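What follows is each chain in one-letter form.
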Amino acid sequence: MTNEARSEQGNIGKKQGERRKEKEERIDSDLFWGLILVELISFVFESESGFGEGKMMDNYLNENFGTVKPKHSSEEALQRWRDMCVLVKNPKRRFRFTANIPKRNEAEAMRRSNQKLRVAVLVSKAAFQFQQGAEASDHTISDEIKAAGFGISADEAGSIVENHDSKRLKSHGGVDGLAKKLKTSTTNGLAMDDKDLSCRQKLFGTNEFTEREQQSFWVFVWEALQDMTLMVLAVCAFVSLIVGIATEGWPKGAHDGLGIVASILLVVFVTATSDYRQSLQFRDLDKEKKKISIQVTRNGYRQKLSIYELLPGDIVHLAIGDQVPADGLFLSGFAVSIDESSLTGESEPVKVNTENPYLLSGTKVQDGSCKMLVLTVGMRTQWGKLMATLSEGGHDETPLQVKLNGVATVIGKIGLCFAVVTFAVLVQKLLAVKITEGTHWIWSGDDALMLLEYFAIAVTIVVVAVPEGLPLAVTLSLAFAMKKMMNDKALVRNLAACETMGSATTICSDKTGTLTTNHMTVVKSCICMNVKDGIKQETSEIPDGALKILLQSIFTNTGGEVVINQQGKREILGTPTETAILEFGLSLGGDFQSERQASKVLRVEPFNSTKKRMGVVLELPEGVVRAHCKGASEIILAACDKMINANGEVVPLDQASIKHLKSTIESFADEALRTLCLAYIDIKSDVSAETPIPASGYTCIGIVGIKDPVRPGVKESVALCRSAGITVRMVTGDNINTAKAIARECGILTDDGIAIEGPDFREKSLEELLVLIPRIQVMARSSPLDKHTLVKHLRTTFGEVVAVTGDGTNDAPALHEADIGLAMGIAGTEFQLTVNIVALIVNFTSAWSAPLTAVQLLWVNMIMDTLGALALATEPPNEELMKRAPVGRKGNFITNVMWRNIFGQAVYQFAVIWLLQSKGKSFFGLDGDDSDLILNTLIFNSFLFNEVNSREMEKEDVLDGILENKVFVSVIAATVIFQVIIIEYLGTFANTSPLTTTQWLFSIFTGFLSMPIAVFLKKIPVGGNMKI
């Protein structure tokens, strides 16, 4: 092409551009904007948000995303909402913190195979061994194992437990023989130094499970690049570079394309950095959740060790509620019942004893207590292999995460419609101008670039519209709440629990350890009918015979133990109750070891929350068989027909004595003391370990009153809950008078409340319960079933959201039934939805001359989707939260207050941008060639200042405590700095123009004006039924 031709073509292009500008100016934009705004407001308010009769959004979310529960959701419910998310920009990112259903199916298949394997092993064991034609003891061990002094390999030891191989066990000399081959003592445990420790770890492994490796930062970069819309924009950028360089040359022609590329890279790296930090935080949380300690005898001392420190040869002490930490064999114990459902899916408990000594890692002690010899650890166990699969299955998504995914999907669909219409309008505008000019058959490189820019804008609208970071923001907020709870020594293992607590309307609290300190001391006693302060009890005041029986009862009928620790000091191990009684026995001059060695234990019945007692059967040196019983005072006293009097003589229990003992129990309970009664009975000598302990005929030894002080601040916390509309109930196994005294001290029991005992509660008819339950504030002497019944009625009959505290063993049924959680704030939702609405409306209604370019929209999206989510998700809780009423089971997902704030701020921001676009040039005196560029820069600069308002939905002072959230301050500072850089120094790439001081002050003023407007909005009362 000649220079003359190029010049002529340039003139033609210039004239065409001038004609286009004249044509655009002739459009009555005011009328167009007004009509569009009316239509949009009508659409949003009537069809989507739930105003008036429109319930489409509400019904859509409940139908398609409302079936997921806080826990125990079905696979169908989890899969259904995934299928509904048809518009997902980046599946890897959207579904990162959700359950991996295929992996869960693998784990379930492994459980079923474990169950089938168990049956197959038991049935075919004899045939298998016959086919082997060799004794089990013929196994070979490596020279390395022999050199270390061991007589068995890790694989051989593992096969004994995994296959329940009794013949192989016998060939190794039984449990004692295996202990010798593992170089351990069944009494004193492992005796080793650091060298022996490392050698044992090398040969037998550690008790750790293989986990997914921490993904590197570059993996998150790669996943961020999987965003479909970013890929499309990258193609647009590439085409823009080619066409731009071909038509305008380098470097001018590359500016638009490089600007989009730079924006994409910035979005990708900021997103990847945020996701990588979240990943590290969740990894830390997982480590904290797995820190479990267990009682172990090692080097002759009983001590607490982390389950990860266990090695083959360790002697582990297990009690009710403990999870078996490794594969091993039963050494000694009583009435051990194991729940293997987590491993095999079989719900029927398995009895473990000397005849069936196999204990599998991951199972739970349902009843009894025992000592276990550890044989296999870590990934050599079936539980280790199952955990490796389970860890890849992920955690259940929470209902809020699912609903937010539903909102993201709905907004995405709306955004896609807006994007298509925007692109169509922009193309129609271009075609109309070209048809008017008669150049519709002549297309230049500039026209191609313009079409490409239109397409990029449409794609970017989808990028901005779909709040991909919204579910992630909630996940981050929940993780932040879990971390805060851990710092307060409260461990939450289920992420959904942190969410559900925000809706809690009722708290059913245990007494011991929750409302009280769990540091117990015997402060009063009634021994031989004499009431004394426990700390002043003198042994001289107790007859010798009675003292001997008392000490025998204290030191033999206990789940605790008195040991000498590694520092040579005496230490009491056991529950706080057991520790208090053992300490009382020691203060009376008793010797724990002497009493334990003076008799032979025939049977033990550990404490059971249903029977409310525990017992032991002893064979004494003189041949007498004696059973000791300890438990709830009125229950044990009712089983007694004799007592030891002040002279140490056993006499019948008459009415006067019963009255005296009952009044003593009541007086102790009225002082908020926990009362326990101790009794014994001599029985026939022909008893075995299977013979039940007698239920009656006992001789009362005495009653002790144990003080468990109320935790500091409990009364204030209960009052705070009550003021927030949350009902606090105490459910305990203690005496009703003790429970009432503690409840009054805590502020739980009021004048119009009811205190009831479990036996009375379970006798009530359904009609009586419907009247009674709303007034129940204290339930004493409750069984696990009573607590479960109360929680179930509160949830199902009365629609309450119930939080339950318990120890996880006796309270397991109630904990399983309840909604458990922690309050959280969802301010990030309000901020993101405000930005989404404004971004959609502005770009759609501005389709005739889009004010925000693809690069600018990408920057807005990054602030909204990643940085804003990070800042608001880490906002710490405050006392004002407790002044709000609980949300409840059917509470609104997006509250009336949030709708008011969202639309109020959206209308304000939209009005500012509309005024700028329609009147901005005349207001600022812009009339040069760059007037459109400056005006669009002002619009871009006025778009990003609502984040601070979203910190508080109702509180007017949004700046209060802002400096306490360092993440929030850092994000705001980074946003401001980069905004200045983009406008002042990156104009070529970001399509911006440096602003004057006046223009900057105007931008700051319009931004900060949103704060007094927010105050005005918060003064507007809201009602009705606006909800999602």
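Residues numbered from 1 in each chain as written. Predicted model: local features only at pLDDT ≥ 70, side-chain atom pairs only at ≥ 80, totals over all residues. Heavy atoms only, no water.

- In the annotation of an unreviewed UniProt entry, the protein is listed under the name Calcium-transporting ATPase and assigned to Cynara cardunculus var. scolymus.
- Word for word, the UniProt comment on the protein under Sequence similarities (unreviewed entry) is "Belongs to the cation transport ATPase (P-type) (TC 3.A.3) family. Type IIB subfamily."
- Check the Function (unreviewed entry) section of the UniProt entry for the protein; it says "Catalyzes the hydrolysis of ATP coupled with the transport of calcium." (UniProt positions renumbered as here; feature names shortened; annotations may be inferred.)

Quick word on the overall build of the protein
Phase 1: The secondary structure content of the protein amounts to 38 helices and 23 strands.
Phase 2: Burial status across the protein gives 51% buried among its 1028 residues.
Phase 3: Considering only intrachain contacts with a sequence separation of at least 6, the fraction spanning at least 24 residues in the protein is 75%.
Phase 4: With an accessible surface of roughly 46300 Å², the protein has 57% of that area assigned to carbon and sulfur atoms. (Helix = DSSP H or I, 4+ residues; strand = E, 2+ residues; numbered from the N terminus. Buried < 20%, exposed > 50% of the residue type's maximum accessible area, 1.4 Å probe, protein only. Contact = heavy atoms within 4.5 Å. Areas by Shrake-Rupley, 256 points an atom, 1.4 Å probe, with all protein chains shown as cover.)

Digging into the UniProt feature "transmembrane region" (unreviewed entry) in the protein
Phase 1: When the UniProt feature table is mapped onto this chain, "transmembrane region" (unreviewed entry) is found at residues 228-246, 258-276, 410-431, 451-481, 967-987 and 999-1017.
Phase 2: Across residues 967-987 one finds 95% helix and 0% strand; the C-alpha atoms that close the span lie 29 Å apart.

Observations regarding a nonpolar patch on the surface
Phase 1: Together, Ile977, Phe978, Ile981, Tyr985, Leu986 and Phe989 give the surface a local cluster of nonpolar side chains, amounting to about 580 Å² of exposed area.
Phase 2: A total of four residues in the nonpolar patch trace back to one element, the largest contributor, which is helix α36 (residues 966-985).
Phase 3: For Ile981, the position within the fold is in helix α36.
Phase 4: You can call Ile981 partly exposed: its relative accessible area is 32%. (Patch = residues over 30% accessible without salt bridge, like charges linked within 9 Å, V, L, I, M, F, W, Y side chains within 5 Å. Salt bridge = Lys/Arg side-chain N within 4 Å of Asp/Glu carboxyl O.)

Looking at helix α26 (residues 714-723)
Phase 1: Those residues of α26 lying buried are Val714, Val718 and Cys721. Down the axis, α26 shows its buried residues gathered within 60° of arc, on one side only. Turned more than 90 degrees from where α26 packs its buried face, Glu716 and Ser723 sit exposed.
Phase 2: Check the buried side of α26 and you find it contacts β8 (506-509), β20 (727-731) and α27 (736-746).
Phase 3: Looking at the residues trailing α26, positive phi occurs at Gly725, about 90°. (Arc of directions from axis to C-beta.)

Comments concerning the packing of helix α35 (residues 931-941) against helix α38 (residues 997-1018)
For any two helices packed against each other, the geometry is given by the interaxial angle and the distance between the axes.
Phase 1: At a minimum axis distance of 9 Å, the contact between α35 and α38 shows a crossing angle of 30°. Of the two elements, α35 crosses α38, and the hand of that crossing is right-handed. Of α38, the residues touching α35 (which contributes Ile934, Leu938 and Asn941) are Gln999, Trp1000, Phe1002 and Ser1003.
Phase 2: Tallied by class, the residues present in the contact of α35 with α38 amount to four nonpolar, three polar and no charged. (Axes fitted to C-alpha atoms, helices over the stretch in contact; angles between N-to-C directions. Left-handed = near helix turned anticlockwise from the far one by under 90°. Nonpolar A, V, L, I, M, F, W, Y, C, P; charged D, E, K, R; others polar.)

Looking at the sheet that holds β8
Phase 1: The sheet built from five strands is open, its strands ordered β21-β22-β20-β8-β23 with parallel pairing. Among the strands making up the open sheet, the edge pair consists of β21 (754-757) and β23 (802-804). With strand direction ignored, the average angle separating the axes of adjacent strands in the sheet is 20°.
Phase 2: As paired elements, β8 and β23 share three bridges and run parallel to each other. In the sheet register, Ile507 faces β23, and the bridge partner there is Ala803. (Pairing = 2+ DSSP bridges.)

Looking at the pattern of salt bridges
Phase 1: Going through the model one piece at a time under the given rule, you end up with 17 salt bridges.
Phase 2: Between Glu561 and Arg302 there is a salt bridge, and its shortest N-O distance comes to 2.0 Å. With Glu561 in strand β11 (residues 561-564) and Arg302 in strand β2 (residues 301-306), this residue pair connects regions lying 259 residues apart in the sequence.
Phase 3: One network of salt bridges, with partners in common, ties together Glu156, Asp165 and Arg168.

Quick notes on unusual backbone geometry
Glycine aside, negative phi is the norm for most residues, and most peptide bonds take the trans geometry.
Phase 1: Unusually for a residue other than glycine, Asn299 sits at a positive phi of about 55°.
Phase 2: Summarising the element assignment, Asn299 is placed in the loop between β1 (293-298) and β2.
Phase 3: Accessibility expressed as a relative area gives 32% for Asn299, which makes it partly exposed.
Phase 4: Despite not being glycine, Arg781 shows a phi value in the positive range, around 50°.
Phase 5: As for its placement among the helices and strands, Arg781 is situated in the loop between β22 (776-780) and α30 (784-796).
Phase 6: On the accessibility criterion, Arg781 (8% relative accessible area) is buried.

Description of the packing of aromatic side chains
Phase 1: Applying the stated criterion to the full structure yields ten aromatic pairs.
Phase 2: When the ring of Phe220 is compared with that of Tyr276, the centres are 5.8 Å apart and the planes differ by 65°; the resulting orientation is edge-to-face. You can see Phe220 sitting in helix α12 (residues 217-224) and its partner Tyr276 sitting in helix α14 (residues 255-289), a full 56 residues away along the chain.
Phase 3: Among the residues examined, Tyr276 registers a relative accessible area of 25% and is labelled partly exposed.
Phase 4: A centroid spacing of 6.1 Å and a plane angle of 50° characterise the contact between Phe923 and Phe1002, whose relative ring orientation is tilted. Highlighted residues: Phe923 in helix α34 (residues 896-924) and Phe1002 in helix α38, separated in sequence by 79 residues.
Phase 5: The exposure class assigned to Phe923 is exposed, which follows from its relative accessible area of 59%. (Phe/Tyr/Trp six-rings, centres within 6.5 Å; stacked < 30°, edge-to-face > 60°.)

Considerations on the packing of α34 against α38
Phase 1: One can describe the packing of α34 onto α38 by two numbers: an axis separation of 10 Å at closest approach and a directional angle of 150°. One way to sum up the angle between α34 and α38 is to call them roughly antiparallel. For the pair α34 and α38, the sense of crossing is right-handed. Contacts from Arg900, Asn901, Gly904, Gln905, Tyr908, Val912, Leu916, Phe923 and Phe924 of α34 reach α38 at Gln999, Phe1002, Thr1006, Leu1009, Ser1010, Ile1013, Ala1014, Leu1017 and Lys1018.
Phase 2: Of the residues contributing to the contact of α34 with α38, the split by class is ten nonpolar, six polar and two charged. (Parallel < 35°, antiparallel > 145°, perpendicular 65-115°, else oblique.)

With respect to the pairing of strand β15 (residues 625-632)
Phase 1: By the criterion of burial, β15 is predominantly enclosed, with eight of the eight residues buried.
Phase 2: When strand β14 (residues 613-619) meets β15, the two strands line up antiparallel, connected through seven bridges. Residue Val616 lies in a different strand from β15, and its bridge partner there is His628.
Phase 3: Here β14 folds back onto β15 in antiparallel fashion, the turn holding five residues, of which Gly623 has a positive phi close to 95°.
Phase 4: Relative to strand β18 (residues 673-683), β15 is paired through eight bridges, and the arrangement is antiparallel. The partner of Cys629 across the bridge, within β18, is Ala679.

Focus on the pairing of strand β13 (residues 600-608)
Phase 1: Pairing geometry for β13 and β14, over six bridges, is antiparallel. By the bridge assignment, Asn608 is partnered in β14 with Arg613.
Phase 2: Between the end of β13 and the start of β14, which pair antiparallel, lie four residues, with Lys612 showing a positive phi angle near 60°.

Details of helix α25 (residues 655-670)
Phase 1: Taking 1.5 Å as the rise per residue, α25 with 16 residues should run 22 Å; its terminal C-alpha atoms sit 22 Å apart, in good agreement.
Phase 2: Taken residue by residue, α25 has Ser657, Leu661, Thr664, Ile665, Phe668 and Ala669 as its buried positions. Each buried residue of α25 lies within a common arc of 130° when the element is viewed along its axis, so the set occupies one face. Of the residues in α25, the exposed ones pointing more than 90 degrees away from the buried face are Gln655, Ala656, Lys659 and Asp670. (Expected span 1.5 Å × (residues − 1).)

What about the confidence of the model for the protein?
Phase 1: Scored by pLDDT, the protein has a mean of 75; 69% of the residues are at 70 or more.
Phase 2: Within the protein, the element-level pLDDT minimum falls on helix α2 (residues 29-48), averaging 36, and the maximum on strand β16 (residues 640-644), averaging 94.
Phase 3: Confidence over residues 1-55 falls short of pLDDT 50; this stretch has 58 contacts with residues more than four positions distant or in other chains.
Phase 4: Low pLDDT (under 50) marks residues 1024-1028, which in the prediction has 27 contacts with non-local residues, meaning those over four places away or in another chain. (pLDDT = per-residue confidence, 0-100.)

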